[in-house]
Structure formats: C-alpha cells, structure tokens
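Residue-level listing of the chains:
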Amino acid sequence: MLSDRKKKILCAVVDSYIETASPISSKDIQQNHLRDCSSATIRNELSALESMGYLVQPHVSAGRIPSQKAFRIYVDELMHASPLTVAEVDMIDRYFSEKWSDVEDVVTAVAKVISDVTHYTSVVVKEDLSDCIKTIKLLDLSNGQMLVVIVTDSRLLKDAVAELPDNCTAEMLAYAENWLNKIFVGRHISDFLNFSYPYALVNSQFEQFNALFKKIIDVLKKVSLANGMDVVTEGSNNIFNHSEYKDVNNAKCFLTTLEHKDELARIFTDDNEGFSIKIGVDDSVPEGCSVVSTKINLGGNVSGNFGVIGPMRMNYSKVVAVLDRIGVILQDMLNPKE
C-alpha cells in the first residue's frame, strides 16, 4: 500500500516522464510538483519507490524513470482526466460531420482520426459475424483428429482441425454433427460466441458427448472470429516521433508487430465494456508497448474494437479522452435512440 505522498511523487514522475522522455530528479519534482516537500524527503521517497519496483535508475547519477509496474498503477489509480482542446474536439467532429452509409468508410475514418489526434498508431478491429450457417460437417481424419467444416450463406468455407476426444467413435461423431446442425443451421455465426455448450448437455443422453461437444464449440468460436475479422491500421510512421523508436531494432520490432494482423486482432479484441489498457509483456503485448482500446457496436452482428498501440511512455489520459469522444459519436451515429 502506497502512502498519499508516495502516490503523488510517483504520479509526478510518470507525468514528467511521459512529457520529457528523460529521467526525473528529486529537484524536478520539487520545483514542478511538490514545492512543500524538501529535496531530502523526495529523495528518500524515490529510493523507497525504487526498492518497491516502481522506479528504475538508468545510471547512478541519473534521475528515475517509471517501470512497467509504475505505469500499471498510474493508469489504474493515479491518472487524472485530460480534457481535449477545442482544436482537438473540432478535428474529431469534422471527421464525422458527413453521414456514412458504409461501415468500411466508418472504420477508415475512425482509424484516421485517432492517429491524427493522438499521434500514435491506431488500430481498428472489425468483427463481421453476420454470415448465416448453412451446414456443419465433422470429418474423421483417422489420425486422432477431426476436420470441422462450416458453410455459410456467403459461400465461404470455414474449416479447422481439432483433436478428437479419447474413445470417440464414428457413431458419436455422426450424432454430434446431426445435433450441431439442428442447433445452428439458419443462425448467425455470432451465435457461436454467445453459445455455452454445457446448458445443452443437461439431459443424461448427452453426457457421453460432453468432451466432444466442448471441443467442437471451442473450434467454432475460434474459426468464426478468425474468418469474420478485419484489421485496419493507420499512422504506423507516427512511432518515429517517439524517442523509444529512434533505435532501429525497436522500430523494426514495432513495424513487424503491425504486419501480423492476427496477433493485432488478438491484442485488441476485448469483450469487456469500457476501456482496456494493456501494458507490456505482463499483459501479453509487445515488450515496451502499451495498447489502449475500447469496444463499439457497428450495427447488426458487426462490432469492433478501436484504439492505439504505442510506447509504454504513452499519454494515456489524452488517448482515453480521444477514444471516449469518438465512441460517443459512433454510438449516436450508428445506433441512434428511437
């Protein structure tokens, strides 16, 4: 548990580091944030925060910089709201001043405005799960695996391989296929995401198929997401405006991350309502990076997650304010109240 003074000092270090990208000294904190504290007191508190893992001292004679742990507590507890400027609000509003009839145009506009206002790389993940199921096939590959095939009304063939449960017979596979078709034919792929297989297995006749059905439903969810997902990025060159990416290797790793759309989709796809802030490898994002995202309903069975990926030294409060403004606009524009 951090004392109020430690929290103030830690917040001051993070705020200053976000702005300057330079190690912060006790003198900097006293002059710019805590004039009522002596330099000696601040130095003691900085040492304590360092020993607790919140700060790092790059060199013996240098000031401190925040650790990943510091950024985590900063966004969870210490960060202050950052209202947008009039110019930033006007810029966002101008992007959405015209009526968009195509979801693709909306996605492009969202990616562009986020990048332009935040000066980070924006990512929009669109999940179109409106395909209607025509048939489901389960094929025994005779090597302990089965092929799951989904045919939809858009004539897309979606397939995946999964391991068969132990002791699964041809009769069990045929029974499972028949059951799945009764349940899902005529339904949208989005139903897979909300389908919880156990509720259908309460009858004793289904107990022996529990393991098989679980594997099939898990495969269907994964395949549905993979085939209905589109990833749009904007402003990849914005990283060169941040000191972390003056290093060629860091820049190369970041740009490589943007090329792997499946990985980006995984990072940005979050079913939780509200904002998601993922920081560093502890949150399964690339080392030294942070991701801020939020979810939006784009109408019908189409949803999306949008946000930014950038350095851990990110202006989180501004990014949240930008995404919040855009989210409100999209909500009113795409899902108007009756």
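Higher on the page you've got the structure.
A. Quick look at the pattern of salt bridges. Scanning the model with the defined rule gives 13 salt bridges in all. Across the pair Glu-50 and Arg-64 runs a salt bridge whose closest N-O atoms are separated by 3.1 Å. Linking Glu-50 in helix α3 (residues 39–51) with Arg-64 in the loop between β1 (55–56) and β2 (65–66), this pair joins segments that are 14 residues apart in sequence. We classify Arg-64 as buried; its relative accessible area is 12%. Its salt-bridge partner being Glu-234, residue Lys-112 comes within 4.0 Å of it at the nearest N-O pair. Of the two residues, Lys-112 is situated in helix α6 (residues 103–118) and Glu-234 in strand β7 (residues 229–234); the sequence distance between them amounts to 122 residues. Residue Glu-234 is classed as partly exposed on the basis of its relative accessible area, which comes to 27%. Ionic contacts of the salt-bridge type, sharing partners, join the residues Arg-5, Lys-6 and Glu-45 into one network.

B. Geometry of the nonpolar core. Counting residues in hydrophobic clusters, the biggest one holds 54 residues, and the most contacted among them are Leu-10, Tyr-316 and Ile-326. Mapped onto this core, the elements with two or more residues apiece are α1 (4–20), α3, α4 (68–78), α6, β8 (275–279), β9 (289–297), β10 (302–311) and α12 (316–334). Once residues within four sequence positions are removed from consideration, Leu-10 is found in contact with Leu-2, Leu-49, Tyr-54, Leu-55, Ala-70, Ile-73 and Leu-78. Of all hydrophobic cores here, the second largest spans 21 residues; its members include Ile-133, Leu-180, Phe-184 and Val-219.

C. Local environment of the side chain of Glu-177. By secondary structure assignment, the location of Glu-177 is in helix α7 (residues 170–184). Setting aside its immediate chain neighbours within four residues, Glu-177 contacts Ile-136, Lys-137 and Leu-138.

D. Broad picture of the environment of Thr-169. One can find Thr-169 in the loop between β6 (157–163) and α7. Placed 29 residues apart in sequence, Thr-169 and Asp-140 show a C-alpha to C-alpha distance of 9.3 Å.

E. The arrangement of the packing of α6 against α12 in detail. Two elements in contact, α6 and α12, have axes whose closest approach is 10 Å; the angle formed by their N-to-C orientations is 155°. One finds that α6 runs roughly antiparallel with respect to α12. The chirality of how α6 crosses α12 is right-handed. Contacts from Val-106, Val-110, Val-113, Ile-114, Val-117 and Thr-118 in α6 reach Lys-318, Val-319, Val-322, Leu-323, Ile-326, Leu-330, Met-333 and Leu-334 in α12. When the residues that make up the contact of α6 with α12 are grouped by side-chain class, the tally is twelve nonpolar, one polar and one charged.

F. A look at α4. Taken as a whole, α4 has its buried residues at Ala-70, Phe-71, Ile-73, Tyr-74, Val-75 and Leu-78. If you follow the buried residues of α4, they end up packed against α1, β2, β8 and α12.

G. The arrangement of the environment of Ile-296 in detail. By the element assignment, Ile-296 lies in strand β9. Along the backbone, Ile-296 and Lys-126 are 170 residues apart, and their C-alpha atoms lie at a distance of 9.4 Å. In this structure Ile-296 touches Ser-303, Gly-304, Phe-306, Gly-327, Leu-330 and Gln-331, once residues within four positions along its chain are discounted.

H. Empty space enclosed by the protein, seen in detail. Enumeration over the complete set of coordinates arrives at one cavity of 30 Å³ or more. Put simply, the parts of the chain that give the lining of the largest cavity at least two residues each are α6 and β10.

I. Expanded view of the environment of Ile-277. For Ile-277, the position within the fold is in strand β8. With a relative accessible area of 15%, Ile-277 lands in the buried category. With near-sequence residues (within four places) excluded, Ile-277 lies in contact with Arg-72, Val-75, Asp-283, Val-291, Val-292, Tyr-316 and Val-320.

J. Fine view of the packing of helix α5 (residues 86–95) against α6. Between α5 and α6, the shortest axis-to-axis distance is 10 Å and the interhelical angle comes to 165°. Regarding the angle of α5 to α6, the classification is roughly antiparallel. In terms of crossing hand, the pair formed by α5 and α6 is right-handed. Here Glu-88, Met-91, Ile-92 and Tyr-95 of α5 lie close against α6, whose contacting residues are Ala-109, Lys-112, Val-113, Asp-116 and Val-117. Split into classes, the residues belonging to the contact of α5 with α6 amount to six nonpolar, no polar and three charged.

Each value, and the rule that gives it
Residues numbered from 1 in each chain as written. Predicted model: local features only at pLDDT ≥ 70, side-chain atom pairs only at ≥ 80, totals over all residues. Heavy atoms only, no water. Salt bridge = Lys/Arg side-chain N within 4 Å of Asp/Glu carboxyl O. Helix = DSSP H or I, 4+ residues; strand = E, 2+ residues; numbered from the N terminus. Buried < 20%, exposed > 50% of the residue type's maximum accessible area, 1.4 Å probe, protein only. Core = buried A, V, L, I, M, F, W, Y, C linked by side-chain atoms within 4.5 Å. Contact = heavy atoms within 4.5 Å. Axes fitted to C-alpha atoms, helices over the stretch in contact; angles between N-to-C directions. Parallel < 35°, antiparallel > 145°, perpendicular 65-115°, else oblique. Left-handed = near helix turned anticlockwise from the far one by under 90°. Nonpolar A, V, L, I, M, F, W, Y, C, P; charged D, E, K, R; others polar. 1 Å grid on protein atoms, 1.4 Å probe; cavity = no way out; pocket = protein on both sides within 12 Å on 5 of 7 lines; lining within 4 Å. Points joined across faces, edges and corners; volume = space filled by probe spheres on them.

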